[in-house]
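# Tertiary structure, described
Listed below are the residues making up each chain.
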Amino acid sequence: MESLGAFVARRKGDWEKLQQLLAQQRSGALELGQLKRLDSLYRRATGDLAYAQSFFPGTDAHRFLNQLCGSAYGSIYQPPRQHWAAVRQFYESGFPGVFRAEKRFVASSAMIFLLGLALGASVVLVQPGGAELLVPARMRQSIAERRMWTDDILSIAPANLVASAIATNNLTVTIFAFASGILAGAGTIFTLVNNGIQIGAIIALCAREHMAMPLLSFIGGHGPMELSVIVIAGGAGLMVGQAVIDPGDLPRRQYLKRRGTQAVKLVLGCAPFLAFTGVIEGFISPGNLFPGPVKIALGLLLAGAFWTYLSLTGRADEVESSASKSGRR
Amino acid sequence: MSAWSPRLDVAIPERVSLVLPVAGIGFRSIAYLVDALLLFLFWVSAYFLFSLVLSDFVGAFLGLSGVGKTLAIIGAFATQWLYWTLCEVIGRGQTPGKRLLSIRVVSDDGSPVGVLQSSVRNLCRIVDFLPFFYAAGLLAMLLSRENRRLGDLLAGTLLIREERIELDKYERAPADGTSTPIPAAAEQLSPADVELILTFLSRVQELTVESRDRLTAALVKRYGRFLSDHEYRALLASRQSAEAFLRARAQPRA
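Residues numbered from 1 in each chain as written. Chains lettered and ligands numbered in written order. Predicted model: local features only at pLDDT ≥ 70, side-chain atom pairs only at ≥ 80, totals over all residues.

Below, the discussion takes up the overall build of chain A. Tallying secondary structure elements over chain A gives 15 helices and zero strands in all. A buried classification covers 43% of the 329 residues belonging to chain A. Considering only residue pairs separated by 6 or more positions, chain A has 79% of its internal contacts joining residues 24 or more positions apart. (Helix = DSSP H or I, 4+ residues; strand = E, 2+ residues; numbered from the N terminus. Buried ≥ 20, exposed ≤ 12 C-beta atoms within 10 Å, placed from the backbone. Contact = placed C-beta atoms within 7 Å.)

When the parts come together, some accessible area is lost, and that loss is often what is quoted as the size of the interface. Every contact between the two is made by 45 residues of chain B and, on the other side, 60 residues of chain A. When contributions to the side of chain B that touches chain A are tallied by element, the ones reaching two or more residues are β2 (17-21), α3 (66-90), α5 (115-123), α6 (125-128), α8 (150-155) and α9 (191-203) of chain B. For the side of chain B that touches chain A, the element with the most residues is α3(B), which contributes seven residues.

Let us look at the packing of helix α5 (residues 103-126) of chain A against helix α10 (residues 186-208) of chain A. Residue and element names in this part refer to chain A. It is the contact of α5 with α10, at a shortest axis distance of 6 Å, that shows an interaxial angle of 40°. The angle between the axes of α5 and α10 places the two elements in the oblique class. The chirality of how α5 crosses α10 is right-handed. Residues belonging to the contact of α5 with α10 are distributed by class as follows: 20 nonpolar, eight polar and no charged. (Axes fitted to C-alpha atoms, helices over the stretch in contact; angles between N-to-C directions. Parallel < 35°, antiparallel > 145°, perpendicular 65-115°, else oblique. Left-handed = near helix turned anticlockwise from the far one by under 90°. Nonpolar A, V, L, I, M, F, W, Y, C, P; charged D, E, K, R; others polar.)

Now for helix α3 (residues 60-76) of chain A. Under the 1.5 Å per step criterion, the end-to-end length of α3(A) is 24 Å for 17 residues, consistent within 8% with the ideal 24 Å. Of all 17 residues in α3(A), 13 are buried; the element is thus mostly enclosed. (Expected span 1.5 Å × (residues − 1).)

What follows covers the confidence of the model for chain A. All names here are of chain A. A residue-level look at chain A finds 88% of positions with pLDDT of 70 or above and a mean pLDDT of 85. Of all secondary-structure elements in chain A, the lowest mean pLDDT belongs to helix α8 (residues 149-156), at 51, while helix α12 (residues 223-245) reaches the highest, 95. Long-range and interchain partners of residues 153-160, a stretch whose pLDDT sits below 50, account for 14 contacts in this model, where long-range means more than four residues apart. (pLDDT = per-residue confidence, 0-100.)

The domain architecture assigned to chain A consists of domain 1 (4-76) and domain 2 (84-312). Put simply, the middle of domain 1 of chain A and the middle of domain 2 of chain A, counted by C-alpha atoms, are 52 Å apart. (Domains from an automatic or database assignment.)

What follows is about unusual backbone geometry. Residue B:P131 is reached from B:L130 by a cis peptide bond, and omega for that bond is -20°. One can find B:P131 in the loop between α6 and α7 (135-143). Of note in this structure, A:H210 is not a glycine but carries a positive phi near 55°. Among the secondary structure elements, A:H210 is positioned in the loop between α10 and α11 (212-219). Here A:H210 falls in the exposed class, since 10 other C-beta atoms lie within 10 Å of it.

Following the sequence through the fold, A:V279 ends up in helix α13 (residues 252-283). In this structure the C-alpha to C-alpha distance between A:V279 and A:S109, which are 170 residues apart in sequence, comes to 25 Å.

Residue and element names in this part refer to chain B. Residues L8 and V10 of strand β1 (residues 7-11) are buried on one face, while the alternating residues R7, D9 and A11, pointing to the opposite face, are not. In this sheet, β2 lies alongside β1 in antiparallel orientation, the contact comprising five bridges. Considered in β2, the bridge of A11 is made with S17. Hairpin geometry of β1 and β2 is characterised by an intervening segment of five residues between the two adjacent antiparallel strands and by a positive phi of about 65° at R15. (Pairing = 2+ DSSP bridges.)

Before going further, it helps to examine the confidence of the model for chain B. On average, residues of chain B score 83 in pLDDT, and 86% of them are at 70 or above. The weakest mean pLDDT in chain B belongs to helix α2 (residues 57-63) of chain B at 65; the strongest belongs to helix α4 (residues 96-100) of chain B at 95.

Okay, the packing of helix α2 (residues 32-55) of chain A against α3(A) next. Two numbers describe a pair of packed helices, the interaxial angle and the distance between the axes. All names here are of chain A. Axis separation between α2 and α3 bottoms out at 9 Å; the angle between their running directions is 145°. Crossing of α2 over α3 shows left-handed handedness. Seen from α2, the contacting residues are Y42, A45, T46, D48, L49, A52 and Q53; seen from α3, they are A61, H62, L65, N66, L68, C69, A72 and I76. A class-by-class count of the residues in the contact of α2 with α3 yields 10 nonpolar, four polar and one charged.

Residues and elements named next belong to chain A. By size, the foremost hydrophobic cluster in this structure holds 71 residues, and its most contacted members are A201, A233 and A236. Looking at this core element by element, the count peaks at 13 residues for α12. With 49 residues, the next largest nonpolar core counts L4, V8, A52 and F56 among its residues. (Core = buried A, V, L, I, M, F, W, Y, C linked by C-beta atoms within 7 Å.)

Glancing now at α9(B). Residue and element names in this part refer to chain B. Between its terminal C-alpha atoms α9 stretches 18 Å, which fits the 18 Å expected from 13 residues at 1.5 Å a residue. Residues of α9 that are buried: P191, V194, E195, I197 and L198. Summarising the axial view, the buried residues of α9 lie within an arc of 165°, below the 170-degree limit, and thus occupy one face. Of the exposed residues in α9, the ones pointing more than 90 degrees away from its buried face are A192, T199 and R203. (Arc of directions from axis to C-beta.)

In structure tokens, the structure reads:
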């Protein structure tokens, strides 16, 4: 057996060359010949690592080789670079594809949200005092005075500040609905029910006070789309919750990783739609620039288009590829 | 490598297993604070920069068109969220804070993180932050085997330490031939013993005089069992000769 010092002295030159090529690769200036050299040096370094592991475990030489092979491994087995083409492909098939594959989670999320909505509404309808718990005081006051609270907000702050505040709030709710799925789904369910109850209570209160039309004309433009996004993010959260609770045949950490990276596609896919909704909420929804029915029609149209896009885009390819893959499944 | 520090074993296609040292909570927290500080400084300097260019910053902002204003605020909000994922994807698993602390996010198979994994772990900050200042994340890190916060668990990622390891100590030539010759009968040292001696010799400069002498004496005693009492005392008489003896002892013999 070779001694430690002799081993290091004999191989050190190659290791340093590999380090240098790796640095060069990182800055993106590698020629074909160098790439081949990098590959063969990497392979030899892994051989050295195996040797050091057997004969010199725990020495600095071993740790050095570990470090070297680790960083070389990271450089060589890189995931493909994401380009704009990948973004396009994501919106053409990835995002709608995941949506269709995970329909049942989105449907459950919608059910939970509607449950909250019904709960909030029925509390206020059956027991009017319940509104004091569920609807913020300022909102209750303006509803009692037959004004929309949104007019209130607008007279104080400029419309666009409201829009951005609402948009960032919606982004936070969306992200939270997804991320809190890691708490075994409890966070997601809470977010969905909570938002449902509040919105249900407000709608019921407005209906009781004969303010339904002003409310609908305010939320009609952006509401359908916004709630769609939150429901879909909730579906992503439920996917995560299910993965935590029931990983099936796989080890939990492996299944979590797989489902987490699928679920996040739903959230990332929704982001631009949510930003767009924020713009509508800021500029079209408040005020009387557009008549109520127009806003409601616009809102329904946008949400309809969104769901149609999710249900149909890229489906033809999917059917084809699943037909060709069906033998393997 | 201390025995208790968590490690990640990765089987790579080259049929060896890589052992990657996992970064501890301390490293991760400091890296976070550095990043948070950078973001803070970014906003402060952006504010002053705008104030320099535009005499009335707030006025100019309010004077923007509605869409411009909304986009500016949404952009600012997005910066907070995108900073982490953009840095991690472009910086091959390192935000500036992580780079400073020499830690790196990797997938749990040792490969670099992609956009999706990085998005998952960074979106989960909102939960890890609960109920205040990353309490949930810290708790998860304490309880999980590889110091993973909830976002790491969901994304299948973890943080590894990148150590800078010098190989110089293996190459220091033995001192000139004035040291005691090592008899052929002396047993061959194991790699672990050689490593111990070389590591000690590479660090002697950092030791206090007393520790240096005490450890030198202990090592000479341990690896010089063949020495007579007289030789032992003669060696220890001068620090230089004792260390030269150790260096010679660590050298392989034909």
